[in-house]
Amino acid sequence: MTNLNDLPIRDDLRGEKPYGAPQLHVPVQLNVNENSFGIPEAVALDIVESLAAEVLTLNRYPDREFLELRSSLANYLGYDLVPEQLWAANGSNEILTQIFQAFGGPGKTSLSFGPTYSMYPNIARLTLTEYSQLDREAEYSLSADFVAGELARTKPSIAILCSPNNPTGTPITNDVIIAAYEAFDGILIVDEAYAEFSSLESALGLLAGRPRLLISRTMSKAFAFAGARVGYLAADSAVIDALRIVRLPYHLSALTQAAAKAALRHSDQMLANVDLIKQQRDRISAGVRLLGLKPYASESNFVLVEGFEDPNDIFEKLLDRGVLIRNVGIPNTLRITAGTESETTRLLTELALVLD
Ligand SMILES: *Cc1c(COP(=O)(O)O)cnc(C)c1O
(Lines give C-alpha, C1' and ligand atoms only; values in the text may rest on other atoms or scores of the structure.)
Protein backbone atom coordinates (compact mmCIF):
# COMPACT_ATOMS: atom_id res chain seq x y z
CA MET A 1 0.00 0.00 0.00
CA THR A 2 1.28 3.41 -0.87
CA ASN A 3 0.16 6.94 -0.04
CA LEU A 4 -1.71 9.17 -2.47
CA ASN A 5 1.01 11.79 -2.11
CA ASP A 6 3.61 9.29 -3.33
CA LEU A 7 1.83 8.88 -6.67
CA PRO A 8 2.54 11.09 -9.68
CA ILE A 9 -0.94 12.60 -9.39
CA ARG A 10 -1.87 15.89 -11.14
CA ASP A 11 -0.39 18.80 -9.17
CA ASP A 12 -3.75 20.53 -8.82
CA LEU A 13 -5.29 17.43 -7.21
CA ARG A 14 -2.69 17.18 -4.44
CA GLY A 15 -4.33 17.53 -1.05
CA GLU A 16 -7.86 17.45 -2.52
CA LYS A 17 -10.56 15.30 -0.91
CA PRO A 18 -13.37 13.41 -2.67
CA TYR A 19 -16.93 14.76 -2.46
CA GLY A 20 -18.22 13.38 0.80
CA ALA A 21 -21.63 14.20 2.26
CA PRO A 22 -21.87 11.58 5.04
CA GLN A 23 -23.85 8.48 3.93
CA LEU A 24 -25.14 7.24 7.28
CA HIS A 25 -28.09 4.91 7.75
CA VAL A 26 -30.03 6.60 10.50
CA PRO A 27 -33.82 6.73 10.94
CA VAL A 28 -34.23 10.32 9.73
CA GLN A 29 -32.04 11.31 6.75
CA LEU A 30 -32.53 14.96 5.86
CA ASN A 31 -29.06 15.80 4.58
CA VAL A 32 -28.80 15.58 0.78
CA ASN A 33 -32.17 16.95 -0.40
CA GLU A 34 -33.44 13.59 -1.62
CA ASN A 35 -37.16 12.89 -1.84
CA SER A 36 -38.01 10.95 1.35
CA PHE A 37 -40.93 9.20 -0.32
CA GLY A 38 -40.19 5.92 -2.12
CA ILE A 39 -41.28 4.91 -5.62
CA PRO A 40 -44.99 3.94 -5.81
CA GLU A 41 -45.34 0.19 -6.26
CA ALA A 42 -47.26 0.35 -9.56
CA VAL A 43 -44.53 2.56 -11.01
CA ALA A 44 -41.80 0.30 -9.65
CA LEU A 45 -43.42 -2.66 -11.41
CA ASP A 46 -43.45 -0.88 -14.77
CA ILE A 47 -39.79 0.11 -14.30
CA VAL A 48 -38.85 -3.49 -13.47
CA GLU A 49 -40.66 -4.82 -16.55
CA SER A 50 -38.93 -2.24 -18.74
CA LEU A 51 -35.54 -3.19 -17.30
CA ALA A 52 -36.24 -6.89 -17.76
CA ALA A 53 -36.93 -6.33 -21.46
CA GLU A 54 -33.57 -4.53 -21.84
CA VAL A 55 -31.56 -7.20 -20.07
CA LEU A 56 -31.95 -9.66 -22.95
CA THR A 57 -30.14 -7.28 -25.31
CA LEU A 58 -27.39 -6.01 -23.00
CA ASN A 59 -24.86 -7.69 -25.29
CA ARG A 60 -25.34 -4.64 -27.56
CA TYR A 61 -24.26 -1.08 -26.81
CA PRO A 62 -27.12 1.24 -25.85
CA ASP A 63 -28.69 3.85 -28.16
CA ARG A 64 -25.99 6.53 -28.22
CA GLU A 65 -28.39 9.36 -29.04
CA PHE A 66 -31.30 8.11 -26.83
CA LEU A 67 -33.88 10.12 -28.77
CA GLU A 68 -36.74 8.23 -27.11
CA LEU A 69 -35.66 9.39 -23.67
CA ARG A 70 -35.01 12.91 -25.00
CA SER A 71 -38.50 12.89 -26.44
CA SER A 72 -39.96 11.76 -23.06
CA LEU A 73 -38.06 14.59 -21.36
CA ALA A 74 -39.28 17.15 -23.90
CA ASN A 75 -42.88 16.02 -23.30
CA TYR A 76 -42.41 16.17 -19.55
CA LEU A 77 -41.04 19.72 -19.64
CA GLY A 78 -43.51 21.17 -22.15
CA TYR A 79 -42.72 24.72 -23.38
CA ASP A 80 -42.86 23.37 -26.99
CA LEU A 81 -39.40 21.87 -26.58
CA VAL A 82 -38.31 19.26 -29.14
CA PRO A 83 -36.12 16.16 -28.48
CA GLU A 84 -33.14 17.79 -30.28
CA GLN A 85 -33.12 20.44 -27.53
CA LEU A 86 -32.82 17.86 -24.74
CA TRP A 87 -29.82 15.98 -23.43
CA ALA A 88 -29.32 13.59 -20.50
CA ALA A 89 -26.46 12.14 -18.48
CA ASN A 90 -25.71 10.27 -15.26
CA GLY A 91 -26.92 13.03 -12.95
CA SER A 92 -26.86 16.74 -13.65
CA ASN A 93 -23.32 16.78 -12.26
CA GLU A 94 -22.29 14.92 -15.41
CA ILE A 95 -24.32 17.38 -17.50
CA LEU A 96 -22.44 20.28 -15.88
CA THR A 97 -19.12 18.51 -16.44
CA GLN A 98 -19.90 18.05 -20.13
CA ILE A 99 -20.84 21.74 -20.43
CA PHE A 100 -17.51 22.71 -18.85
CA GLN A 101 -15.66 20.27 -21.13
CA ALA A 102 -17.27 21.83 -24.19
CA PHE A 103 -17.28 25.51 -23.23
CA GLY A 104 -14.66 25.80 -20.47
CA GLY A 105 -11.12 24.45 -20.25
CA PRO A 106 -7.67 26.06 -20.14
CA GLY A 107 -7.82 29.81 -20.73
CA LYS A 108 -11.57 29.97 -20.03
CA THR A 109 -13.21 31.37 -16.91
CA SER A 110 -16.33 30.53 -14.95
CA LEU A 111 -18.29 32.44 -12.35
CA SER A 112 -21.07 31.91 -9.85
CA PHE A 113 -22.60 33.74 -6.90
CA GLY A 114 -22.07 32.17 -3.49
CA PRO A 115 -22.79 30.60 -1.21
CA THR A 116 -23.94 28.12 -3.85
CA TYR A 117 -23.61 24.50 -4.92
CA SER A 118 -20.26 23.11 -3.82
CA MET A 119 -19.76 21.05 -6.99
CA TYR A 120 -19.34 24.08 -9.28
CA PRO A 121 -15.72 24.76 -8.23
CA ASN A 122 -14.96 21.03 -8.33
CA ILE A 123 -16.27 20.65 -11.86
CA ALA A 124 -14.36 23.76 -12.93
CA ARG A 125 -11.15 22.35 -11.44
CA LEU A 126 -11.66 18.96 -13.08
CA THR A 127 -11.96 20.63 -16.48
CA LEU A 128 -9.06 23.04 -15.84
CA THR A 129 -11.40 26.02 -16.00
CA GLU A 130 -10.71 29.03 -13.79
CA TYR A 131 -13.54 29.56 -11.29
CA SER A 132 -14.50 32.52 -9.16
CA GLN A 133 -17.38 33.10 -6.83
CA LEU A 134 -18.85 36.48 -5.96
CA ASP A 135 -20.88 37.09 -2.81
CA ARG A 136 -24.65 37.32 -3.12
CA GLU A 137 -26.61 40.36 -1.97
CA ALA A 138 -28.68 40.72 1.23
CA GLU A 139 -30.48 37.55 2.34
CA TYR A 140 -28.56 35.69 -0.40
CA SER A 141 -30.73 37.31 -3.08
CA LEU A 142 -29.61 38.37 -6.58
CA SER A 143 -30.97 41.43 -8.40
CA ALA A 144 -30.87 42.07 -12.15
CA ASP A 145 -28.65 45.17 -11.83
CA PHE A 146 -26.13 43.45 -9.61
CA VAL A 147 -25.82 40.26 -11.66
CA ALA A 148 -25.75 42.08 -15.02
CA GLY A 149 -23.16 44.53 -13.70
CA GLU A 150 -20.85 41.78 -12.45
CA LEU A 151 -21.16 39.71 -15.62
CA ALA A 152 -20.47 42.74 -17.81
CA ARG A 153 -17.42 43.51 -15.67
CA THR A 154 -15.96 39.99 -15.41
CA LYS A 155 -17.06 38.57 -18.82
CA PRO A 156 -16.80 34.88 -17.86
CA SER A 157 -16.85 32.10 -20.46
CA ILE A 158 -19.46 30.33 -18.31
CA ALA A 159 -21.76 31.77 -15.61
CA ILE A 160 -23.91 29.58 -13.37
CA LEU A 161 -27.06 30.78 -11.63
CA CYS A 162 -28.59 28.21 -9.31
CA SER A 163 -32.35 28.75 -8.95
CA PRO A 164 -33.64 27.97 -6.39
CA ASN A 165 -30.16 28.17 -4.94
CA ASN A 166 -28.58 25.35 -2.98
CA PRO A 167 -27.88 25.71 -0.02
CA THR A 168 -29.87 28.88 0.65
CA GLY A 169 -33.22 28.09 -1.07
CA THR A 170 -33.29 31.51 -2.74
CA PRO A 171 -35.03 31.69 -6.14
CA ILE A 172 -34.01 33.94 -9.04
CA THR A 173 -36.71 35.68 -11.06
CA ASN A 174 -36.69 35.50 -14.85
CA ASP A 175 -35.95 39.22 -15.24
CA VAL A 176 -32.59 38.58 -13.53
CA ILE A 177 -31.84 35.76 -15.97
CA ILE A 178 -32.76 37.93 -18.98
CA ALA A 179 -30.53 40.75 -17.71
CA ALA A 180 -27.70 38.29 -17.03
CA TYR A 181 -27.97 36.82 -20.54
CA GLU A 182 -27.79 40.22 -22.18
CA ALA A 183 -24.87 41.41 -20.05
CA PHE A 184 -22.18 39.09 -21.46
CA ASP A 185 -21.34 36.84 -24.42
CA GLY A 186 -20.68 33.59 -22.58
CA ILE A 187 -22.66 30.48 -21.71
CA LEU A 188 -25.33 31.07 -19.05
CA ILE A 189 -26.29 27.95 -17.10
CA VAL A 190 -29.41 28.09 -14.95
CA ASP A 191 -29.29 25.13 -12.56
CA GLU A 192 -32.94 24.28 -11.86
CA ALA A 193 -32.31 21.13 -9.81
CA TYR A 194 -35.14 22.15 -7.46
CA ALA A 195 -37.50 23.84 -9.93
CA GLU A 196 -40.47 21.56 -9.24
CA PHE A 197 -40.62 22.88 -5.67
CA SER A 198 -40.61 26.54 -6.69
CA SER A 199 -43.65 28.77 -7.09
CA LEU A 200 -41.71 30.95 -9.56
CA GLU A 201 -41.83 30.51 -13.33
CA SER A 202 -39.09 28.27 -14.77
CA ALA A 203 -36.47 29.79 -17.08
CA LEU A 204 -37.43 27.18 -19.73
CA GLY A 205 -39.78 29.74 -21.26
CA LEU A 206 -36.77 31.98 -21.99
CA LEU A 207 -34.94 29.48 -24.22
CA ALA A 208 -36.41 30.55 -27.56
CA GLY A 209 -34.01 32.98 -29.26
CA ARG A 210 -31.35 32.61 -26.56
CA PRO A 211 -28.83 30.02 -27.83
CA ARG A 212 -26.34 30.64 -24.99
CA LEU A 213 -28.93 29.87 -22.28
CA LEU A 214 -28.71 26.34 -20.82
CA ILE A 215 -31.24 25.00 -18.29
CA SER A 216 -30.01 22.08 -16.22
CA ARG A 217 -32.48 19.79 -14.42
CA THR A 218 -32.38 16.51 -12.53
CA MET A 219 -34.59 13.55 -11.67
CA SER A 220 -32.76 13.28 -8.32
CA LYS A 221 -34.80 15.66 -6.20
CA ALA A 222 -38.55 16.24 -6.73
CA PHE A 223 -38.71 13.29 -9.12
CA ALA A 224 -37.60 10.83 -6.40
CA PHE A 225 -35.05 9.10 -8.65
CA ALA A 226 -31.66 9.99 -7.13
CA GLY A 227 -30.46 6.38 -7.17
CA ALA A 228 -31.01 6.05 -10.91
CA ARG A 229 -28.65 8.97 -11.71
CA VAL A 230 -30.46 10.93 -14.40
CA GLY A 231 -29.82 14.60 -15.01
CA TYR A 232 -30.84 16.47 -18.13
CA LEU A 233 -30.47 19.72 -20.02
CA ALA A 234 -32.70 21.88 -22.19
CA ALA A 235 -30.95 24.26 -24.60
CA ASP A 236 -30.52 25.17 -28.25
CA SER A 237 -29.88 22.08 -30.39
CA ALA A 238 -26.45 23.50 -31.31
CA VAL A 239 -25.47 23.33 -27.62
CA ILE A 240 -26.53 19.69 -27.55
CA ASP A 241 -24.34 19.09 -30.63
CA ALA A 242 -21.39 20.49 -28.66
CA LEU A 243 -22.08 18.12 -25.76
CA ARG A 244 -22.27 15.17 -28.17
CA ILE A 245 -18.64 15.87 -29.07
CA VAL A 246 -17.34 15.67 -25.50
CA ARG A 247 -19.54 12.93 -24.04
CA LEU A 248 -17.96 9.51 -23.70
CA PRO A 249 -19.40 7.01 -26.19
CA TYR A 250 -22.58 5.33 -24.90
CA HIS A 251 -22.43 7.26 -21.61
CA LEU A 252 -26.06 6.54 -20.72
CA SER A 253 -26.64 2.82 -20.17
CA ALA A 254 -29.58 0.97 -21.71
CA LEU A 255 -30.82 0.26 -18.16
CA THR A 256 -30.70 3.92 -17.19
CA GLN A 257 -32.54 4.93 -20.35
CA ALA A 258 -35.23 2.29 -19.81
CA ALA A 259 -35.70 3.17 -16.14
CA ALA A 260 -35.93 6.89 -16.87
CA LYS A 261 -38.42 6.43 -19.71
CA ALA A 262 -40.60 4.21 -17.51
CA ALA A 263 -40.49 6.69 -14.61
CA LEU A 264 -41.40 9.56 -16.95
CA ARG A 265 -44.49 7.62 -18.12
CA HIS A 266 -45.69 8.06 -14.51
CA SER A 267 -44.50 11.58 -13.84
CA ASP A 268 -47.74 12.52 -12.04
CA GLN A 269 -47.23 9.72 -9.53
CA MET A 270 -43.51 10.38 -9.22
CA LEU A 271 -44.24 14.02 -8.36
CA ALA A 272 -47.28 13.26 -6.20
CA ASN A 273 -45.58 14.23 -2.94
CA VAL A 274 -44.15 17.58 -4.00
CA ASP A 275 -46.98 19.54 -2.35
CA LEU A 276 -46.62 17.54 0.85
CA ILE A 277 -42.88 18.21 0.89
CA LYS A 278 -43.46 21.94 0.41
CA GLN A 279 -45.85 21.87 3.37
CA GLN A 280 -43.15 20.19 5.47
CA ARG A 281 -40.61 22.77 4.30
CA ASP A 282 -42.90 25.54 5.53
CA ARG A 283 -43.54 23.62 8.74
CA ILE A 284 -39.79 23.35 9.36
CA SER A 285 -39.45 27.12 8.79
CA ALA A 286 -42.28 27.91 11.22
CA GLY A 287 -40.99 25.36 13.75
CA VAL A 288 -37.41 26.59 13.88
CA ARG A 289 -38.65 30.19 14.13
CA LEU A 290 -40.53 29.19 17.29
CA LEU A 291 -37.21 27.88 18.61
CA GLY A 292 -35.67 31.33 18.16
CA LEU A 293 -33.80 30.47 14.96
CA LYS A 294 -33.90 32.19 11.56
CA PRO A 295 -35.05 30.22 8.52
CA TYR A 296 -34.11 31.73 5.14
CA ALA A 297 -36.98 31.98 2.65
CA SER A 298 -36.90 28.82 0.51
CA GLU A 299 -38.52 27.84 -2.79
CA SER A 300 -36.83 24.45 -2.59
CA ASN A 301 -37.17 21.23 -0.56
CA PHE A 302 -34.80 22.36 2.18
CA VAL A 303 -34.37 25.23 4.61
CA LEU A 304 -31.17 26.99 5.58
CA VAL A 305 -31.46 27.80 9.28
CA GLU A 306 -29.33 30.41 11.03
CA GLY A 307 -28.74 31.02 14.73
CA PHE A 308 -26.62 28.10 15.92
CA GLU A 309 -23.68 29.15 18.08
CA ASP A 310 -21.90 25.88 17.29
CA PRO A 311 -23.50 24.21 14.23
CA ASN A 312 -21.23 21.18 14.38
CA ASP A 313 -22.18 20.48 17.98
CA ILE A 314 -25.89 20.59 17.08
CA PHE A 315 -25.24 18.44 14.00
CA GLU A 316 -23.51 15.78 16.13
CA LYS A 317 -26.15 15.83 18.86
CA LEU A 318 -28.96 15.43 16.33
CA LEU A 319 -27.05 12.58 14.70
CA ASP A 320 -26.76 10.84 18.09
CA ARG A 321 -30.56 11.04 18.20
CA GLY A 322 -30.96 9.52 14.74
CA VAL A 323 -31.48 12.72 12.74
CA LEU A 324 -28.99 13.52 9.97
CA ILE A 325 -28.94 17.06 8.57
CA ARG A 326 -26.17 19.03 6.81
CA ASN A 327 -23.50 21.46 7.89
CA VAL A 328 -22.73 23.29 4.66
CA GLY A 329 -20.02 25.43 6.22
CA ILE A 330 -21.87 28.75 6.36
CA PRO A 331 -21.19 30.19 9.85
CA ASN A 332 -23.97 29.64 12.42
CA THR A 333 -26.19 27.73 10.01
CA LEU A 334 -27.39 24.23 9.22
CA ARG A 335 -29.38 23.02 6.20
CA ILE A 336 -32.39 20.76 6.69
CA THR A 337 -34.12 18.77 3.92
CA ALA A 338 -37.92 18.60 4.04
CA GLY A 339 -39.22 15.03 4.02
CA THR A 340 -42.27 13.31 5.44
CA GLU A 341 -44.58 14.70 8.14
CA SER A 342 -43.24 12.27 10.73
CA GLU A 343 -39.65 13.17 9.85
CA THR A 344 -40.41 16.86 10.45
CA THR A 345 -42.03 16.02 13.79
CA ARG A 346 -39.02 13.97 14.85
CA LEU A 347 -36.59 16.67 13.66
CA LEU A 348 -38.37 19.53 15.46
CA THR A 349 -38.77 17.49 18.66
CA GLU A 350 -35.12 16.46 18.79
CA LEU A 351 -33.89 19.93 17.82
CA ALA A 352 -35.88 21.51 20.66
CA LEU A 353 -34.35 19.02 23.12
CA VAL A 354 -30.82 19.55 21.80
CA LEU A 355 -31.10 23.32 22.00
CA ASP A 356 -32.55 23.22 25.49
C1 LIG B 1 -28.53 17.90 -6.18
C2 LIG B 1 -28.07 18.97 -7.09
C3 LIG B 1 -27.67 18.72 -8.41
C4 LIG B 1 -27.52 17.42 -9.02
O5 LIG B 1 -27.66 16.30 -8.72
P6 LIG B 1 -27.59 15.01 -9.64
O7 LIG B 1 -28.03 13.97 -8.69
O8 LIG B 1 -26.18 14.87 -10.12
O9 LIG B 1 -28.54 15.23 -10.77
C10 LIG B 1 -27.34 19.76 -9.23
N11 LIG B 1 -27.37 21.01 -8.80
C12 LIG B 1 -27.74 21.30 -7.56
C13 LIG B 1 -27.77 22.71 -7.14
C14 LIG B 1 -28.09 20.31 -6.66
O15 LIG B 1 -28.41 20.62 -5.41
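As the structure is a computational prediction, the values presented were derived from the model and not from experiment.

1. Some remarks on the overall build of the protein
Right, so step 1: In terms of regular secondary structure, the protein is built from 12 helices and 12 strands.
Right, so step 2: When the backbone C-alpha atoms are referred to their principal axes, the protein occupies close to 60 × 55 × 55 Å.
Right, so step 3: When the accessible surface of the protein is summed, it comes to about 16,200 Å², and 52% of that surface belongs to carbon and sulfur atoms.
Right, so step 4: Computed over 30 positive and 44 negative side-chain charges, the inter-centroid distance for the protein is 4 Å.

2. Side note on the layout of surface pockets
Right, so step 1: Estimated volume of the largest pocket: approximately 850 Å³.
Right, so step 2: In terms of lining residues, the largest pocket is bounded by 34 residues, among which Tyr 19, Ala 21, Val 32, Tyr 117 and Arg 326 are the most central.
Right, so step 3: Partitioning the lining of the largest pocket into residue classes produces 15 nonpolar, 13 polar and six charged.
Right, so step 4: Among the domains, domain 1 (4-30 + 273-355) and domain 2 (41-266) are the pair contributing at least three residues each to the lining of the largest pocket.
Right, so step 5: A breakdown of the residues in the lining of the second largest pocket according to their chemical character gives eight nonpolar, five polar and two charged.

3. Some thoughts on helix 3 (residues 92-103)
Right, so step 1: Look at helix 3: 16 Å from first C-alpha to last across 12 residues, which is about the 16 Å you get at 1.5 Å a residue.
Right, so step 2: Those residues of helix 3 not exposed but buried are Ser 92, Ile 95, Leu 96, Thr 97, Gln 98, Ile 99 and Phe 100.
Right, so step 3: Of the residues flanking the end of helix 3, it is Gly 105, one or two places downstream, whose phi is positive at about 105°.

4. Some remarks on the domain arrangement of the protein
Right, so step 1: Domain boundaries in the protein define domain 1 (4-30 + 273-355) and domain 2 (41-266).
Right, so step 2: The centre of domain 1, based on its C-alpha atoms, is set 24 Å off from the matching centre of domain 2.
Right, so step 3: Listed per partner, the contact involves 21 residues of domain 1 and 23 residues of domain 2.
Right, so step 4: Together domain 1 and domain 2 conceal approximately 1,800 Å² of surface at their shared face, both sides included; 57% is due to carbon and sulfur atoms.
Right, so step 5: Taking the shortest distance from any N to any O, the salt bridge between Arg 125 and Glu 16 comes out at 2.8 Å.
Right, so step 6: The interface formed by domain 1 and domain 2 contains eight residue pairs in polar contact (both at pLDDT 80 or more).
Right, so step 7: Going through the elements one at a time, helix 10 (274-290) and strand 10 (302-306) are the ones with two or more residues in the side of domain 1 that touches domain 2.
Right, so step 8: Top element by residues in the side of domain 1 that touches domain 2 is helix 10. It accounts for four residues.

5. A few points about the sheet that holds strand 4 (residues 130-135)
Right, so step 1: Pairing within the open sheet is mixed, and its seven strands lie in the order 2-8-7-6-5-3-4. Each edge of the sheet is formed by a strand with only one pairing partner; in this case those strands are strand 2 (86-89) and strand 4. Neighbour to neighbour, the strand axes of the sheet diverge by 25° on average, direction disregarded.
Right, so step 2: Here four bridges tie strand 7 (residues 213-218) to strand 8 (residues 231-234), and the two strands are oriented antiparallel to one another.

6. Side note on the packing of helix 10 against helix 12 (residues 341-355)
Right, so step 1: Running from amino to carboxyl end, helix 10 crosses helix 12 at an angle of 15°, the nearest separation of the two axes being 10 Å. Taken together, the axes of helix 10 and helix 12 lie roughly parallel to each other. Classified by chirality, the crossing of helix 12 by helix 10 is right-handed. Residues Gln 280, Arg 283, Ile 284, Gly 287 and Val 288 of helix 10 form the contact with helix 12, whose participating residues are Glu 341, Thr 344, Thr 345, Leu 347, Leu 348 and Leu 351.
Right, so step 2: Class assignment for the residues of the contact of helix 10 with helix 12 results in five nonpolar, four polar and two charged.

Reading the values: the criteria
- Residues numbered from 1 in each chain as written.
- Predicted model: local features only at pLDDT ≥ 70, side-chain atom pairs only at ≥ 80, totals over all residues.
- Heavy atoms only, no water.
- Helix = DSSP H or I, 4+ residues; strand = E, 2+ residues; numbered from the N terminus.
- Areas by Shrake-Rupley, 256 points an atom, 1.4 Å probe, with all protein chains shown as cover.
- Lys, Arg positive; Asp, Glu negative; His and termini not counted.
- Charge placed at Lys NZ, Arg CZ, Asp CG, Glu CD.
- 1 Å grid on protein atoms, 1.4 Å probe; cavity = no way out; pocket = protein on both sides within 12 Å on 5 of 7 lines; lining within 4 Å.
- Points joined across faces, edges and corners; volume = space filled by probe spheres on them.
- Nonpolar A, V, L, I, M, F, W, Y, C, P; charged D, E, K, R; others polar.
- Domains from an automatic or database assignment.
- Expected span 1.5 Å × (residues − 1).
- Buried < 20%, exposed > 50% of the residue type's maximum accessible area, 1.4 Å probe, protein only.
- Contact = heavy atoms within 4.5 Å.
- Buried area = accessible area lost by both parts, 1.4 Å probe.
- Salt bridge = Lys/Arg side-chain N within 4 Å of Asp/Glu carboxyl O.
- Polar contact = N/O pair within 3.5 Å; in protein donor to acceptor, adjacent residues only side chain to side chain.
- Pairing = 2+ DSSP bridges.
- Axes fitted to C-alpha atoms, helices over the stretch in contact; angles between N-to-C directions.
- Parallel < 35°, antiparallel > 145°, perpendicular 65-115°, else oblique.
- Left-handed = near helix turned anticlockwise from the far one by under 90°.

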